[in-house]
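Results of the structural survey
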2 protein chains.
Amino acid sequence: MSALNTQLSPELLIKLEAAQEASRVLGTLSTAQKNKALEAIADAIDANHGLILEANALDMDKAEASGMSSGMLDRLRFTPERLSSLAQAVRDVISLPDPVGVVVRGNDMPNGIHLSQVRVPFGVIGAIYEARPNVTVDIAALCLKSGNAAVLRGGTAAEGTNTVTVELMQSALKSVGLPQASVQTIDELGREGATQLMAARGFVDVLIPRGSANLINAVVQESKVPVIETGAGVVHIYVEESADFDQAVEIVHNAKVQRPSVCNSLETLLIDEKIASELLPRIVSRLEAAGVTLKGDTSAQTLCSSLGSATDEDFATEHMSLEMSVKVVAGLSEALEHIRKYSTKHTESILTNNITQAERFLAEVDAAVVMVNASTRFTDGGEFGFGAEVGISTQKLHARGPMGLPELTSTKWIVRGSGQIRH
Amino acid sequence: MSALNTQLSPELLIKLEAAQEASRVLGTLSTAQKNKALEAIADAIDANHGLILEANALDMDKAEASGMSSGMLDRLRFTPERLSSLAQAVRDVISLPDPVGVVVRGNDMPNGIHLSQVRVPFGVIGAIYEARPNVTVDIAALCLKSGNAAVLRGGTAAEGTNTVTVELMQSALKSVGLPQASVQTIDELGREGATQLMAARGFVDVLIPRGSANLINAVVQESKVPVIETGAGVVHIYVEESADFDQAVEIVHNAKVQRPSVCNSLETLLIDEKIASELLPRIVSRLEAAGVTLKGDTSAQTLCSSLGSATDEDFATEHMSLEMSVKVVAGLSEALEHIRKYSTKHTESILTNNITQAERFLAEVDAAVVMVNASTRFTDGGEFGFGAEVGISTQKLHARGPMGLPELTSTKWIVRGSGQIRH
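Report follows, based on the coordinates. Throughout this document, residue positions are counted from 1 along each chain, in the order its sequence is written. For this description, chains carry letters from A and ligands carry numbers from 1, given in the order in which they are written. The predicted nature of this model means local features are confined to residues of pLDDT at least 70 and side-chain atom pairs, given and counted, to a pLDDT of 80 or more, with totals for whole chains, interfaces and linings taken over all residues. The side-chain quantities take in all heavy atoms of the structure and omit both hydrogens and water.

**Observations regarding the sheet that holds strand E5 (residues 183–185) of chain A**
Residue and element names in this part refer to chain A. The four strands are arranged E5-E4-E3-E6 in an open sheet whose pairing can be described as parallel. Both outer strands of the open sheet, E5 and strand E6 (206–209), are each paired with one neighbouring strand and no more. On average, each strand axis in the sheet is inclined to that of its neighbour by 20°, with strand direction left out of account. Note that strand E3 (residues 124–128) and E6 share four bridges and pair parallel. Paired with Ile125 across the bridge in E6 is Val206. Helix H2 (residues 10–26) rests against E3, strand E4 (149–153) and E5 of the sheet, and its axis sits at about 145° to E4. At least two DSSP bridges between two strands are needed for those strands to be called paired. Secondary structure follows DSSP: runs of H or I at least 4 residues long count as helices, runs of E at least 2 residues long count as strands, and numbering of each begins at the N terminus. Helix axes are fitted to C-alpha atoms over the stretch in contact, other axes to C-alpha atoms as well, and angles between N-to-C directions run from 0 to 180 degrees. What makes two residues a contact is simply this: any of their non-hydrogen atoms within 4.5 Å.

**A closer look at helix H12 (residues 273–289) of chain B**
Residues and elements named next belong to chain B. A helix is expected to span 1.5 Å multiplied by its residue count minus one. Between its terminal C-alpha atoms H12 stretches 23 Å, which fits the 24 Å expected from 17 residues at 1.5 Å a residue. For a residue, the bend is simply the angle between two axes, fitted respectively to the seven-residue segment ending there and the seven-residue segment starting there. Along H12, the largest kink reaches about 50° and is centred on Leu279; proline Pro281 follows within four residues of it. A simple rule labels every residue: compare its accessible area, found with a 1.4 Å probe on the protein chains alone, to the largest value its type can have, and call it buried under 20%, exposed over 50%, or partly exposed in between. Burial in H12 covers these residues: Ile275, Ala276, Leu279, Leu280, Ile283, Val284 and Leu287. On the buried face of H12, the contacting elements are strand E7 (235–239), helix H11 (245–257), strand E8 (266–272), strand E9 (293–296), helix H13 (298–303) and strand E11 (323–329). Any N or O atom pair separated by 3.5 Å or less is treated as a polar contact, with the protein-specific requirement of one donor-capable and one acceptor-capable atom, and with residues adjacent in sequence counted only for side-chain atom pairs. The distance from a side-chain oxygen at the start of H12 to the backbone nitrogen of Lys274 is 2.7 Å, and the residue carrying that oxygen is Asp272. Positive backbone phi, at 90°, marks Gly291, one or two positions downstream of H12.

**Side note on empty space enclosed by the protein**
Put simply, the grid is 1 Å and covers the protein atoms alone, a cavity is a trapped set of points that fit a 1.4 Å probe, a pocket is an open set with protein on both sides within 12 Å along at least five of seven lines, and lining residues have an atom within 4 Å of a point. Grid points are joined across faces, edges and corners, and a volume is the space filled by probe spheres set on the points. Applying the stated rule across the entire model yields three cavities of 30 Å³ or more. Lining the largest cavity we find 19 residues, and of these Pro226 and Val227 of chain A together with Val225, Pro226 and Val227 of chain B sit closest to its centre. Only Asp, Glu, Lys and Arg are considered charged in this grouping, and only Ala, Val, Leu, Ile, Met, Phe, Trp, Tyr, Cys and Pro are considered nonpolar; every other residue, Gly among them, is considered polar. Here the residues of the lining of the largest cavity are counted per class, giving 10 nonpolar, four polar and five charged. Computed from the structure, the second largest cavity encloses a volume of approximately 40 Å³. Taken together, Thr293, Lys295, Asp314, His319, Glu323, Met324 and Ser325 of chain A form the lining of the second largest cavity. Mapped by element, the contributors of at least two residues to the lining of the second largest cavity are strand E9 (293–296) and strand E11 (323–329) of chain A.

**Details of the interface of chain B and chain A**
Counting from both sides, the interface comprises 69 residues of chain B and, opposite them, 69 residues of chain A. Buried area: the accessible area, evaluated with a 1.4 Å probe, that two parts lose upon being put together, summed over both parts. Among the residues of chain B in contact with chain A, Leu397, Trp413 and Arg422 of chain B are the three that bury the most area, contributing 14% of the side total. By definition here, a salt bridge exists when the distance from a side-chain nitrogen of Lys or Arg to a carboxyl oxygen of Asp or Glu is within 4 Å. Taken together, the links from chain B to chain A amount to 12 salt bridges. A salt bridge links Arg201 of chain A to Glu229 of chain B; the nearest nitrogen and oxygen atoms lie 2.5 Å apart. There are 49 residue pairs in polar contact (both at pLDDT 80 or more) connecting chain B and chain A. Secondary-structure elements contributing two or more residues to the side of chain B that touches chain A are strand E2 (114–121), helix H10 (213–222), H11, helix H16 (355–364), strand E13 (369–374), strand E15 (401–403) and strand E16 (409–420) of chain B. Per element, the largest residue contribution to the side of chain B that touches chain A is 11 residues, and it comes from E16 of chain B. A class-by-class count of the residues in the side of chain B that touches chain A yields 31 nonpolar, 19 polar and 19 charged.

**Details of the nonpolar core**
What we call a nonpolar core is a set of buried Ala, Val, Leu, Ile, Met, Phe, Trp, Tyr and Cys residues that are connected through their side-chain atoms within 4.5 Å. Judged by nonpolar contacts, the single largest core of 74 residues is most densely connected at Leu16, Ile45, Val90, Ile128, Leu197, Val204 and Leu207 of chain A. Ranked by residues supplied to this core, first place goes to helix H7 (residues 133–145) of chain A with eight residues. Setting aside anything within four residues of it in sequence, one finds Leu16 of chain A in contact with Leu8, Val151, Leu197, Ala200, Phe203 and Val204 of chain A. One finds Leu38, Ala55, Ala127 and Val164 of chain B within the second-largest nonpolar core, a separate group that totals 73 residues.

**A word on the state of the cysteines**
Formally, a disulfide is one covalent bond, and it connects the sulfur atom of one cysteine to the sulfur atom of another. Any two cysteine sulfur atoms lying within 2.5 Å of each other are counted as a disulfide. Tallying each qualifying case throughout the model produces zero disulfides over all chains. Here Cys263 of chain B is not disulfide-linked; the sulfur of Cys143 of chain B is the nearest cysteine sulfur, at 19 Å.

The following block contains the structure:
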């Protein structure tokens, strides 16, 4: 272990050791004890709007002075309404089932040993994210409910706000007799703190990066701690020739327009050439009426003159805005090939009434979620019935797709014998 | 993706792209097709002992000339008997249930969408291991059955043997109409091949290192590809004061002596001071009669004069031989503290008749497998009923403890709608 520790500063080491110690307490708490702590945290947020808003206003001033974009500023901003929602989000976690202690599987061995695999907390979860002070409280609540200690690096822009919310959470934890180190921020260590967190193998059990593709990529590449990747969504819908046209217009519109800033929204429409001349203009006019700017390949441009020209880069981009691309394809094989090339393996949907085509699409597309005749916006922990969502994993290890509380746990095998030895 | 590829040589890139293409075929095969391929591989090994033994003899000569240890030489050696066992191991995989296509969970959403989570292959699995030519065939068979393409780096010492077995497997695959690139070796790329494999994020979905602690550590630290860590076992048994003495003697003997060279064998005995004077001499004499060399702390040495003096390093060592350490502890808390300090989180066992002590041990020890009144040798895929074992994971992400075929798969969410949009 010692070689691994060389990069960790004494300041971080103290926090990580405190987190480990706290995690040992959290791991053996009853659901009722954890819910009591969550209630105390929600109450603390409700009772301290003034303190939080004051710190947030200072962060906002600095951010504005530094020229932060309006989109980023909006994410950084707390309002009384947002704080009420935040407290409510913590209370919502109370009603979620506790994943810890759930027996995943088990049986008796032929020799009489009782074997069971039980969900246990990871231990210490690290989170690296950007300028979203609500994430500080959201992740802390989810970690707490799943019995994990949280070490948070929330970005310099929100440092003042995070300091206050973490202090409030720590006081709340203390008030119900739990270790304050259950939730800690390392924002004060700056960028170096994030780098060290990625090197803290043996102290941090899992690292969850949330934010831009750049941030996630950097963590995925550099981290020595196992990472759960919540990746970008370059999401496709392929409209096959047998699709219901009215449905197609509505689903494409919904997938793009209902909330364009999220990862499950549509980025590229692939449409079969046999129906493109009739259907594409209908889709385009519905999208344009909703303010969507479209680019297309040459065939799409020929059919719809309003379309700009789509480049390779356009097809590879997660816009998170009302921009999207269109490509006319010769059939399912070409659609699959395009998806293979540009997909981030998040969500892909086919619109069709042909069973053979649907089944081939479901079997061959390599993505966390594959759909037939549904809007890609359904890739969501809430929609899937998980209650809360930790993020949407685009990796294949451990968790894939929307993650709920059980995805914040590991397992432990319990072997109960009565003197058995192996022969 | 392009930035990630810069380190990959053209030779490796060709193989990885072929592996990806093969994985797309493997992912949609029926169980019968995969079993037919496994049968062909087993037959090819049975029919070609001469070829394989000839190549192996050359590898053995080179290894002996280079001064390889006798233990390593033994692992490198094939014999007709070992080849027959190897073919049988491949046939055993045929009888294992196919994990692909298993529905893990599912339900209908309130809006009528049918939701299911289904097991799918990872895609391409990389394996890095050392001088064990049997692993080449074992891993290839397990990957094939779970629908994954395998890219194998088996170490220079076994290169000649691996070349022959991989060629035989590729011919067998071809004979049943499957892509030869389903199983490939990159031994010819040398150490650089292993380094590049670790950088092949986007091409290799999971990397499994097998071998020494050093090798596994290097992969875990350097790899940008997600790793499943099959780690070392510094395994403890704590004999609590209420333990059955006869059972304790037998369990400790079994855990240490039955197969000392494997990761689930005992390394350190912790014994309560209240029973040590009576029980420890009995345990020690039973172990010494079996050829075990023991070291102990001062208290243990006082009770058993034959014991050497155990250092910190002894307590941290996975001996894989008939050496072990003993420590006399004041009770469960001290035992837990010692385990926390030295455990590699593989397997830990308590021997006791006290429920409170047993439950506290099960709850507080952080390990893949925790036991009461059983030999640590039971941490094993075969014993757990998995049929074959891919290895024993000591990480908390994705798989923990003995891994079977399902642990070589990921999942995919399938959403079957009928025109649903999100409101």
